[in-house]
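Here's the letter readout for the chains.
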Protein chains: 2
Amino acid sequence: IEPDTFRIAATAMIDYIINYNKEIGNRQTFPDVQPGFMRNLLRAEAPKVGESWEDVYSDIERVVMQGMTHWVAPGFFAYFPAALSFPALLADLLCGGAPCIGFSWAASPSCTEMETVMMDWLAKALDLPPCFIHGRHGPGGGVIQGTATESMLVTMIAARNKVISRELSRDPKLSKYDILPRMVVYTSDCSHSSVEKVGLLSMIEVRKLSAGRKGVLRRKTLQDAIDKDKKNNKIPTFVCATLGTTPCCTYDNVDEIGRICKFIEDIWLHIDAAYAGAALICPEFRHIADGIKRATSFNLNLHKWLMVNFDCSGLWVRDSSYLTDSANVNALFLEHQTQQTTIDYRHWQIPLGRRYGSLKIWFVLCMVGIDGLQTHVRRFYHVRRGVAEAKYFENLVRKDERFEIVFPVTLGLVCLKLKRPGLNIEENAINEELNRKIQADRRIHLVPSIVHGIYFLRVATGSVNCSRQALDNCWDVIREMSQLV
Amino acid sequence: IEPDTFRIAATAMIDYIINYNKEIGNRQTFPDVQPGFMRNLLRAEAPKVGESWEDVYSDIERVVMQGMTHWVAPGFFAYFPAALSFPALLADLLCGGAPCIGFSWAASPSCTEMETVMMDWLAKALDLPPCFIHGRHGPGGGVIQGTATESMLVTMIAARNKVISRELSRDPKLSKYDILPRMVVYTSDCSHSSVEKVGLLSMIEVRKLSAGRKGVLRRKTLQDAIDKDKKNNKIPTFVCATLGTTPCCTYDNVDEIGRICKFIEDIWLHIDAAYAGAALICPEFRHIADGIKRATSFNLNLHKWLMVNFDCSGLWVRDSSYLTDSANVNALFLEHQTQQTTIDYRHWQIPLGRRYGSLKIWFVLCMVGIDGLQTHVRRFYHVRRGVAEAKYFENLVRKDERFEIVFPVTLGLVCLKLKRPGLNIEENAINEELNRKIQADRRIHLVPSIVHGIYFLRVATGSVNCSRQALDNCWDVIREMSQLV
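The shown structure was predicted, so the numbers you read here are calculated from the model rather than taken from an experiment.

Within chain A, the regular secondary structure consists of 15 helices and 11 strands. For chain A, the C-alpha radius of gyration of 24 Å lies close to 23 Å, the compact-globule estimate for 485 residues. Burial analysis of chain A (485 residues in total) assigns 66% to the buried set. Here the contacts in chain A between residues at least 6 apart in sequence split such that 72% fall between residues at least 24 apart. Accessible area of chain A: about 16,800 Å², with a carbon and sulfur share of 49%. For chain A, the centre of its 57 positive side-chain charges and the centre of its 53 negative side-chain charges are spaced 6 Å apart.

All names here are of chain A. According to UniProt, the positions carrying the feature "modified residue: N6-(pyridoxal phosphate)lysine" (unreviewed entry) are Lys304. Here Lys304 is to be found in helix H10 (residues 302-305). For Lys304, the contacting residues outside a window of four places in its chain are Phe80, Pro81, Ala82, Ala83, Ala274 and Tyr275.

Residues and elements named next belong to chain A. Looking at chain direction, strand S2 (residues 183-188) and strand S3 (residues 205-209) are connected through five bridges and run parallel. In the sheet register, Val184 faces S3, and the bridge partner there is Glu205. Assessed by its sense of winding, the connection that carries the chain from S2 through helix H7 (residues 193-202) to S3 is right-handed.

Right, let's get into the interface of chain B and chain A. Between chain B and chain A, the contact holds 139 residues from the first and 139 residues from the second. For the pair chain B and chain A, the summed buried area comes to about 12,400 Å², and 71% of that belongs to carbon and sulfur atoms. When the buried surface of chain B facing chain A is broken down by residue, Tyr177, Met203 and Phe333 of chain B rank first, second and third, together holding 6% of it. Asp120 of chain B is the partner of Arg39 of chain A in a salt bridge, and the nearest nitrogen-oxygen pair spans 2.8 Å. Among the elements that line the side of chain B that touches chain A, the one with the most residues is helix H1 (residues 3-22) of chain B, at 13 residues.

Where charged atoms from two side chains of opposite charge come close, those side chains can pair. One pass over the full model with this rule turns up 78 salt bridges over all chains. Of the charged contacts in the structure, one is a salt bridge between Glu256 of chain B and Arg218 of chain B, with a shortest N-O distance of 2.7 Å. Placement of the pair is Glu256 of chain B in helix H9 (residues 254-264) and Arg218 of chain B in the loop between strand S3 (205-209) and helix H8 (219-231), with a sequence separation of 38 residues. The exposure class assigned to Glu256 of chain B is buried, which follows from its relative accessible area of 18%. A single salt-bridge network, built from bridges that share partners, covers Lys162, Arg166, Glu167, Arg170 and Asp266 of chain A.

All names here are of chain A. Here chain A is partitioned into domain 1 (100-366) and domain 2 (389-482). The centre of domain 1, based on its C-alpha atoms, is set 33 Å off from the matching centre of domain 2. Roughly 1,100 Å² of surface becomes buried between domain 1 and domain 2 when both sides are summed, with 66% attributable to carbon and sulfur atoms. Joining domain 1 to domain 2, the criterion identifies zero salt bridges.

A word on the side chain of Asn309 of chain B. Following the sequence through the fold, Asn309 of chain B ends up in the loop between helix H10 (302-305) and strand S7 (313-317). Classification of Asn309 of chain B by relative accessible area gives buried; the value is 2%. Among residues more than four places away in sequence, those in contact with Asn309 of chain B are Gly96 of chain A together with Ala83, Leu84, Ser85, Ala88, Leu89, Asp92, His303 and Lys360 of chain B.

Between the two copies of the chain lies a rotation about an axis combined with a shift along it. In the superposition of chain B on chain A (RMSD 0.0 Å, axial shift 0.0 Å), the rotation amounts to 180°. Taken together, the turn and the small shift mark the pair as related by a two-fold rotation axis. When the interface residues of chain B are mapped onto chain A, 100% of them are again interface residues, pointing to one common binding face.

With that settled, the discussion passes to the packing of aromatic side chains. Each pair of aromatic rings is reported with the distance of its centres and the angle of its planes. Here the structure, examined in full by the defined rule, presents 34 aromatic pairs over all chains. Judged by centre distance (4.1 Å) and plane angle (10°), the rings of Phe86 of chain A and Phe6 of chain B are stacked. Residue Phe86 of chain A is found in helix H3 (residues 86-97), and its partner Phe6 of chain B is found in helix H1; the two belong to separate chains. For Phe86 of chain A, a relative accessible area of 14% corresponds to the buried category. Centroid distance Tyr345 of chain A to Trp348 of chain A: 5.2 Å. Interplanar angle 75°. Geometry classified as edge-to-face. Like Tyr345 of chain A, the residue Trp348 of chain A is buried in the burial classification. By the ring-pair criterion, three or more aromatic residues cluster together here, those being Trp53 and Tyr57 of chain A together with Trp362 and Phe363 of chain B. Above the ring of Tyr322 of chain B, the side-chain terminus of Lys162 of chain B is found at 5.3 Å from the ring centroid. For the cation-ring pair, Arg458 of chain B lies above Phe80 of chain B, with the distance from its terminal atom to the ring centre recorded as 5.2 Å.

This part is about the side chain of Asn428 of chain A. Residue and element names in this part refer to chain A. Among the secondary structure elements, Asn428 is positioned in helix H14 (residues 424-441). Here Gly453 takes part through its backbone oxygen, which lies 2.9 Å from a polar atom of the side chain of Asn428. For Asn428, the contacting residues outside a window of four places in its chain are Gly453, Ile454 and Tyr455.

Criteria and thresholds
- Residues numbered from 1 in each chain as written.
- Chains lettered and ligands numbered in written order.
- Predicted model: local features only at pLDDT ≥ 70, side-chain atom pairs only at ≥ 80, totals over all residues.
- Heavy atoms only, no water.
- Helix = DSSP H or I, 4+ residues; strand = E, 2+ residues; numbered from the N terminus.
- Rg over C-alpha atoms; globule rule 2.2 N^0.38 Å.
- Buried < 20%, exposed > 50% of the residue type's maximum accessible area, 1.4 Å probe, protein only.
- Contact = heavy atoms within 4.5 Å.
- Areas by Shrake-Rupley, 256 points an atom, 1.4 Å probe, with all protein chains shown as cover.
- Lys, Arg positive; Asp, Glu negative; His and termini not counted.
- Charge placed at Lys NZ, Arg CZ, Asp CG, Glu CD.
- UniProt positions renumbered as here; feature names shortened; annotations may be inferred.
- Pairing = 2+ DSSP bridges.
- Right-handed = clockwise from strand over helix to strand, strands pointing away.
- Buried area = accessible area lost by both parts, 1.4 Å probe.
- Salt bridge = Lys/Arg side-chain N within 4 Å of Asp/Glu carboxyl O.
- Domains from an automatic or database assignment.
- Least-squares fit on C-alpha atoms with pLDDT ≥ 70 in both.
- Phe/Tyr/Trp six-rings, centres within 6.5 Å; stacked < 30°, edge-to-face > 60°.
- Lys NZ or Arg CZ within 6 Å of the ring centre and 35° of its normal.
- Polar contact = N/O pair within 3.5 Å; in protein donor to acceptor, adjacent residues only side chain to side chain.

This is the structure we're talking about:
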């Protein structure tokens, strides 16, 4: 299509997006469609001749919206929220309209250099330890990954490589294949499923240690597991500690764990702060990361809470050479004159190609400012101010004695269940039934979880259109449905 | 920022993009900046208070454009082109402005279902074998990956898992760690560096077999390597055959290789058609993929030649259970009622989260049509019609007897070198000097390559603003610089 047509079509799309967000409250959060619904709405093959943009736009409601789960709807409390901000959308336009693929410094110097500066801006705004800042001229720094899983994969593989190098230097007669089966990764049973997934991909055994009733991994549990493994000739390789676990938003004790990894053993400590890391932008939440200075790597999904649209996951490492050594493959066509003195981010990630992703961080940080991000984060969190949405919802629940808050509400997640005297299994069955009723009702959308054998409902606040009215409505639905179980 | 401000800012950004592309010919393709330039252009920390969008926009020229390598400039011939199309930009807007993270069917049914239908539309448009089509109700189908490297990683790990399962079923006393060191991956020495990189990540040994002077992997070379390995108790696991190699755009003999992988041995055959796969949309190019019906998986980067902006890499597999079995980790919060009958694409990829990426395929296929894509592809390729840009450039080179075309020009890549009688090493040195002169001159940007010890220059046509004038200019620069060596 021609530039003039593009201008008209883009203007129409911008209006569509503005209206979508303005009137999102009128849409049903979770759709009624059945599997396979879209085959009947679309042709069997692509059209031979191109259609007008008006034809395609008219199909957005008929085809796309019919089966959307609306992540920014006020009735959406299912997963940690997906960021949506206008500054990030503007940057996405620029990123797509003036394209470059920044696999090396030379492939687009701006793309690489802005990323290093933005990762430093973020590290300073989050008060991360200096070892994670590029500008300090140490071996550390930050990089944009797609998701937390990719951050987990590159760090676990770097740790694998580090251990293999260390063991080979101690005993050159070994093969890497002798060392791999001895490696062990530790994490808690409240950690994200990506730890297990990455363990399978890396072929490293993963121990899911008990985080107990409180959902917190502590010193003794970890040290006992390490001691037992070492007796069995295993090699503790990598610990993933979580700040803000997905099922219950609890915090592993990074201070205790870090001391073990750094002072007692020599283990890569990765901090998965995909969700809760955003809170570090507010000084009053920084205590959750006490001891972070002993971490080897730190990950935060900007696309959850920091107003940068998916995908944008920040990974900071203490020593980038562990990343770049683990899969550094070169080709002549990728070489350039300045590669000794510049960063080639392709060696910090799995893919070769990469977008100019720091543009959207730059737009958000400049247009929103640190103050603006702090206000955004505080809006949903449990703070002294009276504006916190999650705290508001917690108070609604606490007023009804039939319900129980299962974990402390510290950020944007509220975990609750119906109480029933007697066996856990009976109480779980009642809450499972409550969940089914809520799903069938369709006015709100949430998902359940299980920790330490206790089944409960998760209400994740913080989507861009969350409000007290939305939370009142959510609570009305839960109470109404609870009458039916 | 408020919706009304967003509308104004977005309109300004759209004009910026239109003008950027219209006047790209006035920009220097490769920038003059030195490493570290951007630190001096940006503050040391993010602003405390948000700025206006006008402030940020005024920095686009001052900061971003100063260090851009302009991939869509008419002087850009360095890498295979980055797609840029207005329909894809419109879809990106919708994808960002009405966000969903489609890790499961329930997380957004439209996101998953449109992807299955779009991958089928593409498979039909490219005339891929029926085993790769979802709608045929076999175990095969397509999925969007970020890049060709990620496609390589998920398929190589699936092949690893398949071989481990097979060997364990033959001898249950084995451990997977006994089998891994015996596995071998085969590819040619003209293949993309991602094969080696993924081999390192997967810890599988990679054999780079000689593609010879013609850059083509043939039957005998592969069979000899397999036979030798089997004698040494190795397990041939995975073959990556390339259609359109990065250094020289040659085609491995998929017909011969497929017969070995399917009939003689039992080896996963992955076709890396990241670049040349787009040509299959034109019937006259489909002979390059003869024998593709025996492939296990097939990959094509839509973000190179099919007008879909980065990132969008299509992967088709014959049997998706190999993907889903290799890293299937579940969590209660990800479960949903229809998971037995629907696709959860998170099991087909490394990350958990994923964008609604099929929107941009849908927009491009509908607004451009198959005819439009064929015209786009034919514009640059060597065809009967008189419009092919690469053929035009080849003819310019062939008229100058000091130069030689190094590989047949079949699609959009022209490989050339200055001829010098005598030793290869002397000829290489002269062409290296020619490359340095061209880089220093800055009017055009290209990169060199080496195949079978021969150093040459690559001119990759096909960027969205390529034209005869741009090619005339490119040839003028090369000839002018050749006078100086």
